[in-house]
Amino acid sequence: MTEAALATVSTESMRILIIEDDREAASYLVKALKEAGHVADHAADGEEGLHVAETRGYDVLIVDRMLPKLDGLSIIAKLRESGHRTPVLILSALGQVDDRVKGLRAGGDDYLSKPFAIAELLARVEVLGRRRGAKDVETSYRVGDLELDRLSHEVRRAGKPVVLQPREFRLLEYLMKHAGQVVTRTMLLENVWDYHFDPQTNVIDVHISRLRSKIERDFGSPILHTVRGAGYIMRAGD
Amino acid sequence: MRMTAVRLSAVYFLLFAICAVVLVVYVTATASTIVEEQSRQAISDELSDLEQVYQQSGIIGLVRTIDRRSRQPGASLYLVTDPAGRILAGNVASLQAGVLDDRGQTPDAFSYERYSDETGDRFHLAIAEVVALRNGMRVLVGRDQSEQLRFRGVVQSALILALALMGVAALIAWFFVGRSALKRLDGVTAASARILSGDLTERLPVTGAGDEFDRLSENLNTLLARISLLQVGLQEVSDNIAHDLRTPLTRLRTRAEAALSAPPDAREAREVLDQMIAECDQMIRTFDALLMISRVEAGSDQVMKSEIDLATIVADVVDLYEPLAEDAAAELVLTVPPTLKAYASRELIAQALSNLLDNALKYAAAPDRQTRIRVALTEDEADWRLCVSDDGPGIPADMRERVIERFYRLDKSRSMPGSGLGLSLVQAIARIHGGRLLLADAAPGLTVCLEVPMDERQAGERGDG
């Protein structure tokens, strides 16, 4: 099991706007995003945030749900109304099941309840920012010598077939789709199993170690790495 | 309160008095109208009788007849005058001026003086009718009104007396009725004052009469019961927070303090920080679970539900836990129907099953033996049931209720990781779906079942109370 350093994860710089009224939290977010190689701006209330988001181009918006002057969901609704398709990550202190559903219905692309791990936020921002060049249309993924055919459901490493359970296939598919990006445990639970609760035991880790044994055991070089304190990343070569 | 009583009784009495006075005036007015009409009729009859006498026996006969009649005791008024107005016969000494000028009935009562008056009063009131004879003489026949006035006076004073008596009786009756009502209200006031001062066990008095007061008291008592239940819940939550959040907070603080006082090297510092983050995450989890439970128990949480296939969800969650179970040397045996549609929250049902599987793996599985965990989804006409049974040590019958309580953990499980909220949360999820959580002996082991009415839409309205 290898560990990749968090700072080396980010590959391309994004422009990110944080609309958040808690200045301390916002400045911490700005700092973390800059360290990850992004350009980050901050707006402290809803009206200012909407104005800045409309006038300048951003790759990702991070919007707090409860804001002075104009709440987060209204900002998203107004942006979507005027044709802005910028991906939005909603931050909220309301962490109940339905709050997420409401947030996503309002036009948000992802939802993170406070308090959250900064690694979780960074991973989600990366995935959101690169969504537009999404690999959804591709029929096969390749990471190093690992190949996954989305149509025939076949997986090969170094040309040799790897037999996976349907769930393992979907897990690998998601990881490979986001190859080079950190994927957190909750992201996996949300996207592969479509559940949003927080299991007490780390069920995801066991699934990952099974998958890892199938795609790595007979091949020597690691390809599915653990990112300490964050999650996992598919990356060939190191 | 007392001011209200005085005001109420005054208004009550006033209304009563007005009604009585209207009654008195109406009765006397009607009565005197009837008597007056009778008098006038009698006068007319007598006049036509006298006219007949005049026609048959001339002026002499008329005067004689009047003379005779006017001497009878309690007689009517009689008067005959010549065309110049001089009195020829009758029992009237003098008349109010102008009475004889017009023929026909006198419009109003007039005063007159009578001969041989024995009553003492010289002047009386009377009504009369005047006719003029062919030779210009006038004949007046009248009836004294004194009797009638006296009658009216008697009726009036009788009615006033009755009114006074009724008023007093009404006041007395109202005083007693009102006082007993006031006394009961005072009882309610005193009880609510005690409740306000903090004694939530106090209840409002109920007499058992089943009247409005009893109904009010019963409703307020139900309200109080609900409030004390919520208060107990709140008390528990704050106790729990005090205990189960202070403990990890203390650990967190101690760790930070220790790291500060003896600065560790980079690797150690990282370890300490990792532990602290893990501690924080556990606290967030506990906090979320507590919030969720209290939201459910306060009955304020309206969770989004939809028509879902429980069989798929159960199979999904079991699939999620399969590798974990295998690592713990446990076998997950799944029994589900091909499909089971229900109206429920997909997320919450998955979370409940996840908690139950966590528990089963944590408490039943042992490294030295193969454990079997059965997950069964069944339905009958009334309910659907999701049961997780293990073959572990189980829970003694007298402890089963207690483990559902928030933060309650059996002594032997205290060393295990966990918040002690797992089953409370599952119970909250059962209740939010209108159902309940059941614990039973699996002989050996423990069975935990989520039992929810099939048509949850109706059950949900019934609530969990």
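Since we're looking at a predicted model, the values are computed, not measured.

Draft legend 1. Molecular detail of the overall build of chain A. If you tally the helices and strands in chain A, you get eight helices and 12 strands. In chain A, which comprises 238 residues, the proportion classed as buried is 40%.

Draft legend 2. Molecular detail of unusual backbone geometry. Of the consecutive residues lysine 114 of chain A and proline 115 of chain A, the connecting peptide bond is found in the cis state with omega at -5°. The phi angle at aspartate 194 of chain A is positive, at roughly 65°, despite the residue not being glycine. Mapped onto the elements, aspartate 194 of chain A comes out in the loop between helix H7 (185–193) and helix H8 (203–216). Even without glycine at this site, alanine 329 of chain B takes up a positive phi of about 60°.

Draft legend 3. Representation of the packing of helix H5 (residues 310–327) of chain B against helix H6 (residues 346–363) of chain B. All names here are of chain B. Close contact between H5 and H6 brings their axes to 10 Å; oriented N to C, the two are set at 35°. In this structure, H5 crosses over H6, and the sense of that crossing is right-handed. On the side of H5, the interface is formed by Leu310, Ile313, Val314, Val317, Tyr321, Leu324 and Ala325, while H6 contributes Arg346, Ile349, Ala350, Leu353, Ser354, Leu357 and Leu361. Considered class by class, the residues forming the contact of H5 with H6 number 12 nonpolar, one polar and one charged.

Draft legend 4. View of the confidence of the model for chain A. On average, chain A scores 84 in pLDDT, and the residues at 70 or more come to 91%. Per-residue pLDDT stays below 50 along residues 1–10 of chain A; that stretch engages in 19 contacts with residues further than four places along the chain or on separate chains.

Draft legend 5. Spatial organisation of the interface of chain B and chain A. Listed as interface residues are 21 residues of chain B and, on the opposing side, 19 residues of chain A. Listed by contribution, the elements that provide at least two residues to the side of chain B that touches chain A are helix H4 (266–297), H5 and H6 of chain B. It is H5 of chain B that provides the largest number of residues to the side of chain B that touches chain A, a total of seven residues. Here the side of chain B that touches chain A is composed, by residue class, of 10 nonpolar, four polar and seven charged.

Draft legend 6. Fine view of H6 of chain B. With 18 residues, H6 of chain B should reach 26 Å at 1.5 Å per residue; the first-to-last C-alpha distance of 26 Å fits that figure. Burial runs high along H6 of chain B: 16 of the 18 residues are buried.

Draft legend 7. Molecular detail of the sheet that holds strand S3 (residues 60–64) of chain A. Residues and elements named next belong to chain A. Across the sheet, five strands lie side by side as S2-S1-S3-S4-S5; this open sheet has parallel pairing. Looking at the sheet topology across the chains shown, the edges are occupied by strand S2 (39–43) and strand S5 (110–113). Averaged over all neighbouring strand pairs, the angle between strand axes comes to 20°, with direction disregarded. Pairing of S3 with strand S4 (residues 88–92) involves four bridges; the strand directions are parallel. Bridge pairing in S4 places aspartate 64 opposite leucine 91. Helix H1 (residues 23–35) rests against strand S1 (15–19), S2 and S3 of the sheet, and its axis sits at about 170° to S2. Sitting on the sheet, helix H3 (residues 72–81) touches S1, S3 and S4, and the angle it makes with S3 is about 145°.

Draft legend 8. Region of the structure containing the confidence of the model for chain B. All names here are of chain B. Summary statistics for chain B give a mean pLDDT of 79 and a share of 88% for residues scoring 70 or more. Note that residues 458–465 has pLDDT below 50 and, in this model, seven contacts with residues that lie over four places away or in other chains. Predicted as a complex, the structure gets a pTM of 0.63 and an ipTM equal to 0.82.

Draft legend 9. Fine view of the sheet that holds strand S6 (residues 140–143) of chain A. Residues and elements named next belong to chain A. Overall, antiparallel pairing links the four strands, which are arranged S6-S7-S8-S9 in an open sheet. Either end of the sheet is taken by a strand with one partner, and the two such strands are S6 and strand S9 (160–162). Between one strand axis and the next, the sheet turns by 25° as a mean value, whatever way the strands run. As paired elements, strand S7 (residues 146–149) and strand S8 (residues 154–157) share four bridges and run antiparallel to each other. Paired with glutamate 147 across the two strands is arginine 156, which belongs to S8.

Draft legend 10. Spotlight on the environment of leucine 423 of chain B. Take leucine 423 of chain B: it is sitting in helix H7 (residues 422–432). In this structure the C-alpha to C-alpha distance between leucine 423 of chain B and leucine 437 of chain B, which are 14 residues apart in sequence, comes to 8.6 Å.

Draft legend 11. Molecular detail of the packing of helix H2 (residues 46–55) of chain A against H3 of chain A. Residue and element names in this part refer to chain A. Two elements in contact, H2 and H3, have axes separated by 10 Å at closest approach and are oriented at 25°. In terms of axis orientation, H2 runs roughly parallel to H3. For the pair H2 and H3, the crossing hand works out as right-handed. Facing Gly46, Gly49, Leu50 and Ala53 of H2, the residues of H3 in contact are Ser74, Ile75, Lys78 and Leu79. The class makeup of the residues in the contact of H2 with H3 is four nonpolar, three polar and one charged.

Each value, and the rule that gives it
- Residues numbered from 1 in each chain as written.
- Chains lettered and ligands numbered in written order.
- Predicted model: local features only at pLDDT ≥ 70, side-chain atom pairs only at ≥ 80, totals over all residues.
- Helix = DSSP H or I, 4+ residues; strand = E, 2+ residues; numbered from the N terminus.
- Buried ≥ 20, exposed ≤ 12 C-beta atoms within 10 Å, placed from the backbone.
- Axes fitted to C-alpha atoms, helices over the stretch in contact; angles between N-to-C directions.
- Left-handed = near helix turned anticlockwise from the far one by under 90°.
- Contact = placed C-beta atoms within 7 Å.
- Nonpolar A, V, L, I, M, F, W, Y, C, P; charged D, E, K, R; others polar.
- pLDDT = per-residue confidence, 0-100.
- Expected span 1.5 Å × (residues − 1).
- Pairing = 2+ DSSP bridges.
- Parallel < 35°, antiparallel > 145°, perpendicular 65-115°, else oblique.

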